[in-house]
Amino acid sequence: MNRFKEVVLTPYTTTSQQLDQLKQIQTTEQQRLTAAQQTLAQLTPLLAKAESAVSQYVQEKAVQEDLKARRQGLKNEISLLTDRITRYQRLGQQLTQQQQVLAEFTQQRTVITQRQAALRQEQLRPLQAQLAAKTAGMPMLLDVMTATDTAELSRALKHYLRKMDRLITQVHEIQTSQQHVNEDVKIVTDMRHDLDDRIDQRVQNPVFGRFREGLHTDNLAVHQAGSAKMSARFNQLEQQRVTLIHGNPDLKAYLTDDQLLGTLKTAAHALSDLVTQFAQLQAQLDQLAIQLQNAQQQVTATKTVLTTDFADFDVTATQAQVTQRQVQLDQLVLDPQIDDKLAQAQADVQKYRHQEQKVGAQQATHQANLTSNAKQRQTVTQRLDQLVQVGHAGLHDLTPYFPTDVALTDLTAALAFTHSHGSELRSHGYSDLTDQIGRLIHRNDENGLDRYALDTIFEERGHSAIASAMRQQRAIPLGDLGFRVVAFDLKQAQTLLAADEAAVANALDQSASGNDIAQKTYLGAAIHQIADQYRLITSYNEMLAKGTQSDQEIRLKVSLAPVDVDQQVIDEACDAHLTERPALLAEIQRRLERLANEVAIDNDDAKFMDEAYQLLDIRQWSAFKIWIHRCQSPVDDFEEVDDKFVQSGGSGAEKAQAMVLPLLLVPKMILQRSRQADVPHLVMFDEFADKLDPETAKSFARTIDHFGFNFIATMPSGAQNKVLADGVENIAYDVLAPTQKNDGRFHPNVVRPALIWQVKPDD
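This structure is a prediction, so every number in the text was calculated from the model and none was measured.

Attention now goes to the nonpolar core. Membership of the largest hydrophobic core comes to 47 residues, with the highest contact counts inside it found for Leu 584, Trp 621, Phe 688 and Ile 704. Broken down by element, the residue count for this core peaks at 10 residues, all from helix H14 (residues 490-545). Excluding residues within four positions of it along the chain, Phe 688 makes contact with Phe 700, Ile 704, Phe 711, Ala 713, Thr 714, Met 715 and Val 723. Counting 39 residues, the second-largest nonpolar core is a separate cluster that includes Leu 161, Leu 167, Ala 268 and Leu 285.

Structure, rendered in structure tokens:
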């Protein structure tokens, strides 16, 4: 069909469209020719009428020119008289408005002057009296009040109050510092007594008793020296306070009366507001003075114009002259459209002559186009008939290869089929059809094999004739159009494949039933093992938490994290209340499909089992991680124990505990699952706590003991004190080398008890 579309259908569609276009062009040209003939018959009387109208309007225009000159003279006289009346009336209105503005400015000046007097009498003088009453015994404030200008007084008072406020703050800061010094002296005294008690508690051994009195003496000397320095600091602060009060005599009054500063600040704010109001009122008076002067000048100028330009002007007589001129003007009537009428008549004549020429040329063009169109339609019709004959023959050749539900009897049906299957035709080029048939029959992989080649399948099923045709000749030509088709009976081959497919489907159904049972069994086992893994993590972390007493010690915990699976898969497996586990089931099916579709392991049982172990062993689905909390880390801040941790420069104790304690979990996990009541819990350490500080070593001992282990450790002499942890019983032995050596005989080491560390009765 790709070839048929290229050779027949596309040219047939193009030729049909071309014939339709020629028929449409013929109809259009015939309609335009008839219209041109009718237009020429209508233009002749219209042209004669337009030429007569032009002669009439030329005569009327000559009469109108004389009337225009007389009307223009009357209009000029009316305009001059009207302008003079309007100017006189406008000047009168302007003078009235200017006089009103002058009166308003005068009134505003009086009001502002009265407002200034009221503020001075009702607010300024009482406020000044209030401030003067506060100057008794305050020479600095009295000096400020000597200012005569109100604005200057306001500025000086504000500066004075800011200074007093700053001095009061300095005095308060000095007093606060003195209070802190007194408290520090008391703290130093208490520290001395506490340190004496600590010395008595620590130095109880008679061997060190001779140092006790010396330590008490040193403690007393050090703290007395500190108290003396603090007393000197207190006296220095007191001298600063006295100097401030002596240099500012008004300061004493403010320190005595806490409300005085606030009262004076309120008065200062009120005085500042009054100064602002007076300044605003004075600015308004200055502005009004300028406005009054301007208004008076405008009134004078307007009166001058009225007395000079309109000395003997009579409004009534002038209006009568305007009325008389207007009557004369109205009697001279013009035709305002005479120019338009003449221009329109001339335009009509020009238009009709132009249309007559244009339509005549169009008539000749349409007649020539109709003659040419007839010849083209004859040629295209012959070409279309030839394509129909070739197309019917091609459809007959392709009929055996149509699908069972497709019947293409003519070119119209073929066009509809190719349109509905356009994307398929575009993706299957005719030029590579033979290669496509060959690749569909037999396609080799990188090893030169194709287990599912069609010729091989037919050969294996016993249809050697079809297999031979496939191998010897991939495609053969068919018909005049050169179609390429398969070299065997396609219908027969399809019938044979359908019969074999039914047999294979029956076998697959039986196999799928068994696979479903196996999948359900594996699902149940996966749920049990995953839930058991994550449930044990909590108990293991409880074991690791034992042996630590504070958040600042080294602590460990373990965790499991999903690897190559979603967290939802793990959550569903751990939730025993779920009846449906879609994510877990989908993950299992995905892994089974991946295992089934892996071509590289089809013929290798060992690789298949290895791949099955990697995909289906649920222990591979989670990663076991160890986390450590360092001594100085924030609370609950854990770091993963990995190569980065080992290279990060942590302490030896941190690295040792991060390695040893998780290793203890291994035997603990195994022993915990044992059903024997007397399972031995014993571990041995060589050079135990060699690089651990005492606190970490004690934590090790407590953790190992709480794990339920007994442990035997070798340590250097005297290092056993490291592991004397509360709550853990210890027996330490000294192992001494024999005194006799180099005599050729065996002498056992001397082993003797060194100490016993037992659990307290109340533990």
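After presenting the structure, the write-up continues.
What follows concerns the pairing of strand E2 (residues 483-486). Where strand E1 (residues 475-478) meets E2, four bridges bridge the pair, whose relative direction is antiparallel. Bridge assignment links Leu 478 to a residue of E2, and that residue is Phe 483.

As a further point, take the packing of helix H16 (residues 582-596) against helix H17 (residues 605-616). Packing of H16 against H17 leaves a shortest axis separation of 10 Å and a crossing angle of 165 degrees. In terms of orientation, H16 lies roughly antiparallel with respect to H17. Handedness of the crossing formed by H16 with H17: right-handed. Where H16 abuts H17, its residues Arg 591, Leu 592, Arg 594 and Leu 595 lie against Phe 608, Glu 611, Ala 612, Gln 614, Leu 615 and Leu 616. Class assignment of the residues belonging to the contact of H16 with H17 gives a composition of six nonpolar, one polar and three charged.

Another aspect to go through is the pairing of strand E6 (residues 682-686). Along E6, the buried face is formed by Val 683 and Phe 685; none of Leu 682, Met 684 and Asp 686, which line the opposite face, is buried. Between E6 and its parallel partner strand E7 (residues 710-714), the chain crosses via helix H20 (residues 694-706), and the hand of that crossover is right-handed.

Another point: the confidence of the model for the protein chain. Looking at the protein chain, pLDDT values average 79 and 92% of them are 70 or higher. Between the elements of the protein chain, mean pLDDT differs from a low of 72, seen in helix H4 (residues 212-247), to a high of 89, seen in helix H15 (residues 567-574).

Taking 1.5 Å per residue, 17 residues should reach 24 Å; helix H7 (residues 315-331) reaches 25 Å between its end C-alpha atoms and fits that length. When we look at burial in H7, the residues that qualify are Thr 318, Val 322 and Leu 329. Down the axis of H7, the buried side of the element spans an arc of 45 degrees, and every buried residue falls inside it. Summarising the geometry of H7, the exposed residues directed more than 90 degrees from the buried face are Thr 316, Thr 323, Asp 330 and Gln 331. Where H7 begins, the side chain of Asp 314 points an oxygen toward the backbone nitrogen of Thr 316, at a separation of 3.1 Å.

To continue, consider the packing of H15 against H16. Two elements in contact, H15 and H16, have axes whose closest approach is 7 Å; the angle formed by their N-to-C orientations is 115 degrees. The crossing of H15 and H16 is left-handed. Judged by residue contacts, Gln 568, Val 569, Glu 572 and Ala 573 of H15 engage Pro 582, Ala 583, Leu 584 and Glu 587 from H16. Among the residues forming the contact of H15 with H16, the class breakdown is five nonpolar, one polar and two charged.

The next subject is the packing of aromatic side chains. Evaluated as defined, the whole model comprises three aromatic pairs. Considering the side-chain rings of Phe 685 and Phe 688, the 5.1 Å spacing of their centres and the 55 degrees angle between planes classify their relative orientation as tilted. You'll find Phe 685 and Phe 688 in the same group, each marked buried. On the basis of an interplanar angle of 80 degrees and a centroid distance of 6.0 Å, the ring pair of Phe 685 and Phe 711 is categorised as edge-to-face. Of the two residues, Phe 685 is situated in strand E6 and Phe 711 in strand E7; the sequence distance between them amounts to 26 residues. Neither residue differs from the other here; Phe 685 and Phe 711 are each classed as buried. Here a set of aromatic residues connected by ring pairs shows up, and it is made of Phe 685, Phe 688 and Phe 711.

Conventions adopted
- Residues numbered from 1 in each chain as written.
- Predicted model: local features only at pLDDT ≥ 70, side-chain atom pairs only at ≥ 80, totals over all residues.
- Heavy atoms only, no water.
- Core = buried A, V, L, I, M, F, W, Y, C linked by side-chain atoms within 4.5 Å.
- Buried < 20%, exposed > 50% of the residue type's maximum accessible area, 1.4 Å probe, protein only.
- Helix = DSSP H or I, 4+ residues; strand = E, 2+ residues; numbered from the N terminus.
- Contact = heavy atoms within 4.5 Å.
- Pairing = 2+ DSSP bridges.
- Axes fitted to C-alpha atoms, helices over the stretch in contact; angles between N-to-C directions.
- Parallel < 35°, antiparallel > 145°, perpendicular 65-115°, else oblique.
- Left-handed = near helix turned anticlockwise from the far one by under 90°.
- Nonpolar A, V, L, I, M, F, W, Y, C, P; charged D, E, K, R; others polar.
- Right-handed = clockwise from strand over helix to strand, strands pointing away.
- pLDDT = per-residue confidence, 0-100.
- Expected span 1.5 Å × (residues − 1).
- Arc of directions from axis to C-beta.
- Polar contact = N/O pair within 3.5 Å; in protein donor to acceptor, adjacent residues only side chain to side chain.
- Phe/Tyr/Trp six-rings, centres within 6.5 Å; stacked < 30°, edge-to-face > 60°.

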